[in-house]
Amino acid sequence: VFQILFYLSPIIYPASSIASTRFGWVLTFNPLTPFLDVIRVPMLEGRPPSLACYAAAAAITLVVGAAAAVSLGYQQRRVIFYL
């Protein structure tokens, strides 16, 4: 899954090259794109990222963190037997 996300993320190509094609929706729903923009925009464009970019990255972090906490709470009693 991570290898597919790597190639679907604008890491080795600029986001503008795929945004205008029929696969532009991939950038919209890719959860790694806001994190890449937080790093890429200041380095390449010399300006701070937008607040929407920070908000999207924070929201993704909170959702994944909450899902991890729920999963850990559910599996907490069984994980000791796997250690």
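Residues numbered from 1 in each chain as written. Predicted model: local features only at pLDDT ≥ 70, side-chain atom pairs only at ≥ 80, totals over all residues. Heavy atoms only, no water.

1. Here's the deal with the packing of helix α4 (residues 33-45) against helix α5 (residues 51-82)
The following threshold applies: Axes, fitted as lines to C-alpha atoms, cover a helix only where it is in contact. Angles between the N-to-C directions of the axes lie from 0 to 180 degrees. Here a helix means four or more residues in a row that DSSP labels H or I, a strand means two or more in a row labelled E, and each is numbered from the N terminus. To sort the angles, those under 35 degrees are grouped as roughly parallel, those over 145 as roughly antiparallel, those from 65 to 115 as roughly perpendicular, and the leftovers as oblique. By the definition used in this description, the sense in which the near helix is turned from the far one sets the handedness, with an anticlockwise turn below a right angle giving left-handed and a clockwise turn giving right-handed. Any two residues whose heavy atoms approach within 4.5 Å at even a single point are treated as in contact.
Contact geometry for α4 and α5: axes closest at 8 Å, N-to-C directions at 135°. Put simply, α4 runs oblique to α5. Between α4 and α5 lies a crossing whose hand is left-handed. Residue-level inspection shows Pro34, Phe35, Asp37 and Val38 of α4 in contact with α5, the latter providing Cys53, Tyr54, Ala56, Ala57, Ile60 and Thr61.

2. Quick look at the pattern of salt bridges
The condition is simple: Should a side-chain nitrogen of Lys or Arg be within 4 Å of a carboxyl oxygen of Asp or Glu, the pair is scored as a salt bridge. Partly exposed residues are those whose accessible area sits between 20% and 50% of the maximum for their type, while under 20% is buried and over 50% is exposed, using a 1.4 Å probe and protein chains only.
Summed over all chains, the structure comprises 1 salt bridge. For Glu45, the salt bridge identified is with Arg47, shortest N-O distance 2.7 Å. Exposure remark for Glu45: the relative accessible area of 49% places this residue in the partly exposed category.

3. Regarding the layout of surface pockets
Which entries qualify depends on this criterion: Computed over the protein atoms alone on a 1 Å grid, cavities are sets of points where a 1.4 Å probe fits but cannot get out and pockets are open sets with protein on both sides within 12 Å along at least five of seven lines; a residue lines them when it has an atom within 4 Å of a point. Grid points are joined across faces, edges and corners, and a volume is the space filled by probe spheres set on the points.
Roughly 170 Å³ of internal volume is contained in the largest pocket. As for the largest pocket, its lining consists of Pro14, Ala15, Ser16, Asp37, Arg40, Val41, Leu44, Glu45 and Arg47. Mapped onto the lining of the largest pocket, the elements with two or more residues apiece are α2 (15-19) and α4. For the lining of the largest pocket, the element with the most residues is α4, which contributes 5 residues.

4. As for the environment of Phe2
For Phe2, the location among the structural elements is in helix α1 (residues 2-8). For Phe2, a relative accessible area of 72% translates into the label exposed. For the pair Phe2 and Phe81, spaced 79 residues apart in sequence, the C-alpha to C-alpha distance is 28 Å.

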